[in-house]
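The residues making up each chain are set out below.
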Amino acid sequence: MTKPYVKKDIQDKIATIEFFHPAHNSLPSDILAKLAETITEVGKDDDVLVVILKSGGERTFCAGASFKELISIEDEKTGKQFFSGFANVINAMRKCPKFIIGRVQGKTVGGGVGLASSMDYCMATKYAAIKLSELNLGIGPFVVGPAVERKLGVNGMSQIAIDANTFYSAEWAKDKGLFANVYESTEELDIAVSEFAKNLCEYNPEAVKHMKQMFWRGTEDWDELLIERAKISGKLVLSSFTKEKLKRFK
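Procedures and definitions
Residues numbered from 1 in each chain as written. Predicted model: local features only at pLDDT ≥ 70, side-chain atom pairs only at ≥ 80, totals over all residues. Heavy atoms only, no water. Helix = DSSP H or I, 4+ residues; strand = E, 2+ residues; numbered from the N terminus. Contact = heavy atoms within 4.5 Å. 1 Å grid on protein atoms, 1.4 Å probe; cavity = no way out; pocket = protein on both sides within 12 Å on 5 of 7 lines; lining within 4 Å. Points joined across faces, edges and corners; volume = space filled by probe spheres on them. Nonpolar A, V, L, I, M, F, W, Y, C, P; charged D, E, K, R; others polar. Salt bridge = Lys/Arg side-chain N within 4 Å of Asp/Glu carboxyl O. Buried < 20%, exposed > 50% of the residue type's maximum accessible area, 1.4 Å probe, protein only. Core = buried A, V, L, I, M, F, W, Y, C linked by side-chain atoms within 4.5 Å. Expected span 1.5 Å × (residues − 1). Arc of directions from axis to C-beta. Pairing = 2+ DSSP bridges. Right-handed = clockwise from strand over helix to strand, strands pointing away. Axes fitted to C-alpha atoms, helices over the stretch in contact; angles between N-to-C directions. Parallel < 35°, antiparallel > 145°, perpendicular 65-115°, else oblique. Left-handed = near helix turned anticlockwise from the far one by under 90°. Patch = residues over 30% accessible without salt bridge, like charges linked within 9 Å, V, L, I, M, F, W, Y side chains within 5 Å. Areas by Shrake-Rupley, 256 points an atom, 1.4 Å probe, with all protein chains shown as cover.

1. As for the environment of lysine 3
Considering the arrangement of structural elements, one finds lysine 3 in the segment before β1 (5-11). Sequence-wise, lysine 3 and proline 22 are 19 residues apart; in three dimensions their C-alpha atoms are separated by 6.9 Å. Ignoring any residue separated from it by four or fewer positions in sequence, one finds lysine 3 in contact with Phe20 and Pro22.

2. Re the layout of surface pockets
Counted as a void, the largest pocket has a volume near 450 Å³. Elements with a contribution of two residues or more to the lining of the largest pocket: α2 (67-71) and α3 (76-95). A per-element tally of the lining of the largest pocket places α3 first, with three residues. Class assignment of the residues belonging to the lining of the largest pocket gives a composition of 16 nonpolar, eight polar and three charged.

3. Section: the pattern of salt bridges
Under the defined criterion, the tally for this structure stands at ten salt bridges. Glutamate 18 is the salt-bridge partner of lysine 54, the closest N and O atoms lying 3.7 Å from each other. Here the residue lysine 54 occupies a position in strand β3 (residues 50-55), and glutamate 18 occupies one in strand β2 (residues 14-20), the gap between them amounting to 36 residues. For the pair lysine 54 and glutamate 18, a shared accessibility class is recorded, and that class is buried. For the salt bridge of aspartate 190 with arginine 103, the shortest nitrogen-to-oxygen distance reads 2.7 Å. With a gap of 87 residues between them, aspartate 190 in helix α7 (residues 186-200) and arginine 103 in strand β5 (residues 99-104) connect regions that are remote in the sequence.

4. Remarks on the nonpolar core
Counting residues in hydrophobic clusters, the biggest one holds 62 residues, and the most contacted among them are Phe19, Leu35, Ile39, Phe83, Leu115, Ile130 and Phe179. At eight residues, α3 tops the list of elements feeding residues into this core. Excluding residues that lie within four positions of it along the chain, phenylalanine 19 makes contacts with Tyr5, Val6, Asn25, Leu27, Leu35, Leu53, Lys54, Ser55, Gly56, Phe61, Cys62 and Leu115. Leu189, Val193, Leu200 and Cys201 belong to the second-largest nonpolar core, a separate cluster that totals 14 residues.

5. Points about helix α1 (residues 29-44)
The terminal C-alpha atoms of α1 lie 23 Å apart, and with 16 residues this matches the ideal 22 Å at 1.5 Å per residue to within 8%. Along α1, the residues that are buried comprise Ile31, Leu32, Leu35, Ala36, Thr38, Ile39, Val42 and Gly43. Along the axis of α1, the buried positions cluster into a sector of 165 degrees, meaning they face one direction only. Of the exposed residues in α1, those oriented more than 90 degrees away from the buried face are Asp30 and Lys44.

6. Here's the deal with the pairing of β2
With respect to burial, β2 is a largely interior element, six of its seven residues being buried. Two successive antiparallel strands, β1 and β2, enclose a turn made up of two residues, where aspartate 12 displays a positive phi of approximately 50 degrees. In this structure, β2 lies alongside β3, joined through six bridges in parallel fashion. Note on β3: the bridge partner recorded for isoleucine 17 is leucine 53. Following the chain from β2 across α1 to the adjacent parallel β3, one finds a crossover that is right-handed.

7. Considerations on the packing of α1 against α3
Orientation of α1 relative to α3, taken along the N-to-C sense of each, is 15 degrees, at an axis distance of 9 Å. Here α1 is positioned roughly parallel relative to α3, judged by the angle of their axes. In this structure, α1 meets α3 at a crossing whose hand is left-handed. Residues Ser29, Leu32, Leu35, Ala36, Ile39 and Thr40 of α1 lie in contact with α3, whose contacting residues are Phe82, Gly85, Phe86, Asn88, Val89, Ala92 and Met93. Partitioning the contact of α1 with α3 into residue classes produces nine nonpolar, four polar and no charged.

8. A few points about a nonpolar patch on the surface
Where nonpolar side chains cluster on the molecular surface, the patch consists of Met211, Met214 and Phe215 and spans about 300 Å² of accessible area. Assignment of secondary structure puts methionine 211 in helix α8 (residues 205-215).

Here it is in structure tokens:
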């Protein structure tokens, strides 16, 4: 079995960051921390003009946070730290002065939808259905909510957040503005992502930096907001309701 990893490859001014976990790319705290750190690194690298964010494996982009870790939480402090994992990655993406292109090859759940929503330009295959399953566990998509709402609008976000058992198609996500384009296969997706990244390298880095700030205007409080949201989830995961729900995953 392949071990979890976050790896970075820089070629022709394009940084490709890839993450992987054998459990359907569900991400534990250490992998989330490494992912946030790597995004911050490439953001500061003058040799990088564009970032591609992708995951390993075939049919799942990201199944959210690690269930194994979630089940083991026994106090509020640990709960806050756990849910801060995706908060830190989203904030790293928000602050990165380079455009981040998302390459979403498959299903995306919970925190994974937050990652896709935090891309500056996101491309996917027709297999990239999305789901916000948190309510079904007795918690809610509090940490990823601001990012998802920013992309899908309140109506789109509330629809998938309330209907927590349903996968919504990649075409639905495209219609709502999450995906810029949807492709028939991963091969087609990879070609499109590569060509698009090369085109972005032709732009003035200073212009890109200012455009990124413009696009993310109004999110300046997210360092505090997302951690506050992590506290809410950290408390809820300790509730008897959620503990009972999580028993079926042990």
